[in-house]
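Tertiary structure, described
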Amino acid sequence: MQGAMLMADWPEGFLEHELTEEVWEEGVLVKRGLRLRIGIDWGPVAVRLVPRTGRLDYVGRPMNRAARIAARAKAAT
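Not measured: the values here are computed from a predicted model.

Looking at the packing of aromatic side chains
For the structure shown, the criterion picks out one aromatic pair. Their ring planes at 15° and their centres at 4.8 Å tell us that tryptophan 10 and phenylalanine 14 sit as a pair that is stacked.

Now the structure itself:
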């Protein structure tokens, strides 16, 4: 995902904001566009339909752990 952010075709003016601007380090593009924080875990989860939105909601320990990992991550890591 981080690599995809570097190559995404962002709308006009989007990269002008400080939270989405291009960041170069030693001539290498390291950040561009949205700054993602990602947490990944695996294991059994339960899924349920949210009637109001029609979307699926996943719950369980792996979801909680992944959320905690993402919360501790720095932007763009």
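Let's pick the thread back up.
Concerning the domain arrangement of the chain
Each assigned domain of the chain is listed here: domain 1 (1–36) and domain 2 (38–76). Here the C-alpha centroids of domain 1 and domain 2 sit 25 Å apart. Carbon and sulfur atoms make up 69% of the surface buried where domain 1 meets domain 2, a total of about 380 Å² over both sides. In terms of surface lost to domain 2, no three residues of domain 1 exceed Gln2, Arg35 and Leu36, which account for 73% of the buried area on that side. Where domain 1 packs against domain 2, one counts zero salt bridges. At the boundary of domain 1 with domain 2, the tally comes to zero residue pairs in polar contact (both at pLDDT 80 or more).

Section: the pairing of strand S2 (residues 28–31)
As judged from the three bridges shared by strand S1 (residues 23–25) and S2, these two strands associate in the antiparallel manner. Note that in S2 the partner of valine 23 across the bridge is lysine 31. Where S1 folds back on S2, the antiparallel hairpin that results is connected by two residues, among which glutamate 26 adopts a positive phi of roughly 55°.

Side note on the UniProt feature "domain: Guanylate cyclase" (unreviewed entry) in the chain
The residues that UniProt annotates with the feature "domain: Guanylate cyclase" (unreviewed entry) are residues 33–70. As annotated, residues 33–70 has a helix share of 26% and a strand share of 26%, and its two end C-alpha atoms lie 18 Å apart.

Looking at the pattern of salt bridges
The final tally for this structure, using the stated rule, is three salt bridges. Here arginine 32 and glutamate 22 are joined by a salt bridge, their closest N and O atoms 2.8 Å apart. Placement of arginine 32 in the loop between S2 and strand S3 (46–50) and of glutamate 22 in the loop between helix H1 (2–7) and S1 is noted, with a sequence separation of 10 residues between them. The exposure class of arginine 32 is buried, given its relative accessible area of 16%. Overall, glutamate 22 belongs to the partly exposed group, its relative accessible area being 35%.

Some remarks on unusual backbone geometry
Backbone geometry follows two general trends: most residues other than glycine have a negative phi, and most peptide bonds adopt the trans configuration. Phi is positive for glutamate 26, which is not a glycine, with a value near 55°. With respect to the secondary-structure elements, glutamate 26 resides in the loop between S1 and S2.

Digging into the pairing of S3
The pairing of S3 with strand S4 (residues 55–59) spans five bridges and is classified as antiparallel. Directly across from valine 50, in S4, lies its bridge partner arginine 55. The loop that links S3 with its antiparallel partner S4 comprises four residues; one of these, glycine 54, has a positive phi angle of about 80°.

What counts and how
Residues numbered from 1 in each chain as written. Predicted model: local features only at pLDDT ≥ 70, side-chain atom pairs only at ≥ 80, totals over all residues. Heavy atoms only, no water. Phe/Tyr/Trp six-rings, centres within 6.5 Å; stacked < 30°, edge-to-face > 60°. Domains from an automatic or database assignment. Buried area = accessible area lost by both parts, 1.4 Å probe. Salt bridge = Lys/Arg side-chain N within 4 Å of Asp/Glu carboxyl O. Polar contact = N/O pair within 3.5 Å; in protein donor to acceptor, adjacent residues only side chain to side chain. Pairing = 2+ DSSP bridges. Helix = DSSP H or I, 4+ residues; strand = E, 2+ residues; numbered from the N terminus. UniProt positions renumbered as here; feature names shortened; annotations may be inferred. Buried < 20%, exposed > 50% of the residue type's maximum accessible area, 1.4 Å probe, protein only.

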